[in-house]
Amino acid sequence: MEIASKYSPSATEDKWYKYWMDNKLFHSEPNDREPYTILMPPPNVTGVLHMGHMLNNTIQDILIRRARMMGKNACWVPGTDHASIATEAKVVNRLKERGIDKKDLSRDEFLKHAYEWTDEYGGIILKQLQKMGASADWDRSYFTMDEDRSEGVIKSFVDLYEKGLIYRGVRMVNWDPAALTALSDEEVIYKEKQGKLYYLRYKIEGSDEYVTIATTRPETILGDTAVCIHPDDERFTHLKGKKVIVPLVNRLVPIIEDNYVDMEFGTGCLKITPAHDVNDYEIGMKHNLKVIDIFNDNGTLSEAAELFVGEDRFDVRKKIIPVLEEAGNIVKIEDYNNKVGFSERTHVAIEPKLSAQWYLKMDEISKPALKNVMNDTVQFHPPKFKNVFRHWMENVKDWCVSRQLYWGHQIPVYYLEDGTFVVAESKEKALTMAKEKSGNANLTAADLRQDADVLDTWASSWLLPITGFEKPEDLAYYYPTSDLVTGHDIIFFWVARMIIAGYEFKGELPFKNVYFTGMVRDKQRRKMSKSLGNSPDPLDLIAKYGADSVRIGMLFCSPAGGDLLFDESQPEQGRNFANKIWNAFRLVKGWEIDENIEQPESAKKAIAWYDAKLDQTIEILNDHFSKYRISDALMTVYTVFWQEFSSWYLEAIKPAYQKPLDAATYKATLEFFDKMLRILHPFMPFISEELWQALEERKEGESIMLADMPTVSGADASLLDKFEILKEAVGGVRTVRKEKNIPMKDSLKLNILGDNNYSADFDSLLVKLANISELTMVSEKTEGAVSFMARTNEYFVPMEGLIDVEAELEKLKKELTHQEGFLKGVMKKLGNERFVGSAPEAVVAKERQKQADAEAKIKTLTESIARLEK
RNA sequence: GGGCGAUUAGCUCAGUUGGUUUAGAGCACUUGGUUUACACCCAAGGGGUCGGGGGUUCGACUCCCUCAUCGCCCA
């Protein structure tokens, strides 16, 4: 059979993906088997695939493919997220490029543009996920704004309102002056900014004296309604009860006292602007101060500011300084670094602003979630995120769920003309309720005005483990889902809230395990970003190295929760592995089989050993998976294939040049190959399918996807151990060859002075693998030979006197020193009565075994040295 | 400012209730190799005393304290 010497992914990947799709192998329907469900974190509908998705979805695909092969009814639910503010920001930008201002559009007109955008880009990312081999149930794809999902969101709002958990409140919110909407605390990113600290002096009423305050935002003085000092600050005792004049606007405001003031910071004297700072707002409430909102929604100054009306807040910050200077109010200006909040989506500086918003009370409904994460009913991997979670949950604030946007689920609150409102799932229902409420049976739909705000995106995605299933029987079967795989950056945004929603709406956890992935970074630990240009396009990588290679390349070194430092050497390593597998297959399939020749002893032994090895490997693999150690699991498969199978097993059974292989060995080898492809499949779906199909005749519709995951039957530990001694012995001969420059093709004689437990089981393999012409068991040391040890057996390669005595002595002495040092350490322990007395028996026994082995080796080495020195 | 976490070979990481060799893996590195699957390969080898200091213990990479450095989250 002619097979190319290099594996070509592009030729096989599309073929098998189509085959899987055509045979509907990803689709799941409820049946009597145990379900295994993963909800895919829905990518943004307008997003494109990046390395983060690649890592995240590879892990999910591995879990789902493995579960499927373990006989579970595996269902991976994909979907896309409307991503309210992110998408709206993009649509606004595109409209701007076309010369259209969002302000000039009606809600419906804007939504038309948004849907247009969605149709244009929507779902591209799901197609891209198929390229990496994702075995999601595409028939179940949803969109968070489609009918079923929207219905669920609106229902939940009404439900929460009726439970008294939703309220409307005027609060200080994070205002995004670009998107013109409130944001939740989680959507604000604080960044260190180099700024200035301005020292301004305010004249005291009826006096020539001034007080100096320090501020980073001089433009906000226009909204000042007090100056605050610490009650214990003796520097200002004489000012108590007085008033000061706010510069430029000449407003008379009181000097108040509050413990909040940090006497060490600035001048110890604080200006209070209740409308534009969270802390000032609270002080203002406490002291009944006037609130003067000097900003418009878009960040320009309002009429209330009196000055600079209509100008942008940052321009005013610059412009107000010379004016203050001229008025004699500037004392000094210092450089100062402070943290400024920015919008996660529009990247503009957040303006704290008072506004009426809808809130969800969080304290009560978050309790079951906290409890069930802390007691591991919902398990976090790695568990260190439990602490992060707890900290947030114990300090949880009410959730601002309203957004002043068009793109999203419109809040189902309907206002009557008198300002009262009803909350209902539909306008029809709202009308009925309104009639009842107002006592006016003549009300029409036109008399109701729906709240213009939409819900926070996360107020829809927190329901997805529930709303992801349309039919009630599906929900009953698949819920709760099994595992969630997501980035740790959205633990609050999404994970915590899904758990809350699960308990609130279903009375049950939404998923049993959460696997947190880290961020994908470049080699310099920089976050991958478009602007840095350090983010490779996953599709380019797939085209270059193959999907399987990119998948495992990403996983070689990415422990749960840890960041992944991506480098192109990783998919390259993946490609090398794929090629290794390919060539192992090429070798096996290339052998000529002879039904009539007898199976060699060496092959029999190798098969017995590898059977046990594979068994042991599967056991280790199961253990890694049970602990969600995906990288370790992959490394286990990688090592068994490359080291144990290719380098040991195949070399052990390989027939002599141009000689055929016996049928029994061939059959066993194909079975091993089949098993290995099956444990490999979740990691490398394409090449495993390609080779599995080529391994033997398969029926139409058959797939490795449906094959059983191999199970363990209990490996023979002593067999495995004996083979390890064999490896040491083969290695010993190889070292001798290297030291003496003896080529592999020249056979050698080997004498073995075995210990009492020496097993000849693998002697046939030793002969073959080390190219030994004559293997002799001896009871005395061999003169004029190079020696080495494997465990407590001594091996001699007779050199017919041509040995370098000095070099041999040096080697033996070095080994002796090592063994003596080792023994010393062991004896120190064993000589300690308290160790022998208090350590567990098994530990002491182990130490005694170490002692015996070391003593035996030392004896052998000492004798050999004495012999050579004679 | 508050909280969480990290610090183990050149790099990225394991090390699972303290005892499994005098700490492991992958990659990288060095040396040798045209054995008829694979140079995207084979073989051999070097390299760390586990961030510093102190403590608990018969015994600590593993537990405690402290210092240093770094990262993340939150305000």
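Predicted model, so just to flag it, every value in this text is computed and none were measured. (Residues numbered from 1 in each chain as written. Chains lettered and ligands numbered in written order. Predicted model: local features only at pLDDT ≥ 70, side-chain atom pairs only at ≥ 80, totals over all residues. Heavy atoms only, no water.)

### Side note on a negative patch on the surface
Alright, step 1. A contiguous patch of negative charge on the surface is contributed by Glu147, Asp148, Glu151, Glu162 and Glu425.
Alright, step 2. Mapping Asp148 onto the fold places it in helix H6 (residues 147-162).
Alright, step 3. The partly exposed category is assigned to Asp148, whose relative accessible area is 38%. (Patch = residues over 30% accessible without salt bridge, like charges linked within 9 Å, V, L, I, M, F, W, Y side chains within 5 Å. Areas by Shrake-Rupley, 256 points an atom, 1.4 Å probe, with all protein chains shown as cover. Salt bridge = Lys/Arg side-chain N within 4 Å of Asp/Glu carboxyl O. Lys, Arg positive; Asp, Glu negative; His and termini not counted. Charge placed at Lys NZ, Arg CZ, Asp CG, Glu CD. Helix = DSSP H or I, 4+ residues; strand = E, 2+ residues; numbered from the N terminus. Buried < 20%, exposed > 50% of the residue type's maximum accessible area, 1.4 Å probe, protein only.)

### A closer look at the nonpolar core
Across soluble globular proteins, nonpolar side chains show a tendency to be buried alongside one another.
Alright, step 1. In terms of nonpolar packing, the biggest core is built from 125 residues, with Phe645, Tyr649, Phe673, Phe683 and Tyr795 touching the most fellow members.
Alright, step 2. Ranked by the residues each element gives to this core, the list is headed by helix H20 (residues 630-653), at 13 residues.
Alright, step 3. Taken domain by domain, this core gets at least three of its residues from each of domain 2 (567-715) and domain 3 (746-869).
Alright, step 4. Not counting the four nearest positions on each side in its chain, Tyr649 is found in contact with Ala606, Ile607, Trp609, Tyr610, Glu644, Thr665, Ala668, Thr669 and Phe672.
Alright, step 5. One finds Phe380, Val423, Trp462 and Leu463 within the second-largest nonpolar core, a separate group that totals 59 residues. (Core = buried A, V, L, I, M, F, W, Y, C linked by side-chain atoms within 4.5 Å. Domains from an automatic or database assignment. Contact = heavy atoms within 4.5 Å.)

### Quick notes on the protein's contact with RNA strand B
Alright, step 1. In the vicinity of RNA strand B there are 50 residues, among which Trp642, Tyr657, Gly821, Phe822 and Asn832 approach most closely.
Alright, step 2. Counting only atoms of RNA strand B within 4 Å of the protein, the fraction found in sugar and phosphate groups is 54%.
Alright, step 3. Within the side chain of Lys580, a nitrogen or oxygen atom sits 2.8 Å from a base nitrogen of RNA strand B.
Alright, step 4. In the environment of RNA strand B, a base oxygen lies 2.9 Å from a nitrogen or oxygen atom belonging to the backbone of Gly821.
Alright, step 5. Every element with two or more residues in the surface near RNA strand B is listed here: helix H10 (385-394), helix H18 (569-590), H20, helix H23 (717-740), helix H25 (805-830), helix H26 (833-838) and helix H27 (841-869).
Alright, step 6. In terms of residue count, the dominant contributor to the surface near RNA strand B is H18 (9 residues).
Alright, step 7. Of the residues in the surface near RNA strand B, the class split is 16 nonpolar, 13 polar and 21 charged. (Near = heavy atom within 4 Å. Polar contact = N/O pair within 3.5 Å; in protein donor to acceptor, adjacent residues only side chain to side chain. Nonpolar A, V, L, I, M, F, W, Y, C, P; charged D, E, K, R; others polar.)

### Structural notes on the pairing of strand S7 (residues 188-204)
Alright, step 1. Bridge analysis of S7 against strand S13 (residues 330-343) gives 13 bridges, and the strand direction is antiparallel. Across the sheet, the residue bridging to Glu192 is Lys339, located in S13.
Alright, step 2. Pairing geometry for S7 and strand S8 (residues 210-215), over 6 bridges, is antiparallel. By the bridge assignment for S8, Leu200 is matched with Ile213.
Alright, step 3. Turn length for the S7-S8 hairpin, with the two strands adjacent in sequence and antiparallel, is 5 residues, and the turn residue Gly206 shows positive phi of about 70 degrees.
Alright, step 4. Both S7 and strand S10 (residues 243-246) contribute to a ladder of 2 bridges, which runs antiparallel. Looking at S10, one finds that Lys203 is bridged to Ile245. (Pairing = 2+ DSSP bridges.)

### Points about a nonpolar patch on the surface
Alright, step 1. Taken together, the side chains of Val48, Tyr121 and Ile124 present a nonpolar region at the surface, about 220 Å² in accessible area.
Alright, step 2. Mapped onto the secondary structure, Val48 falls in the loop between strand S1 (35-39) and helix H2 (51-69).
Alright, step 3. Take Val48: its relative accessible area is 43%, and that puts it in the partly exposed class.

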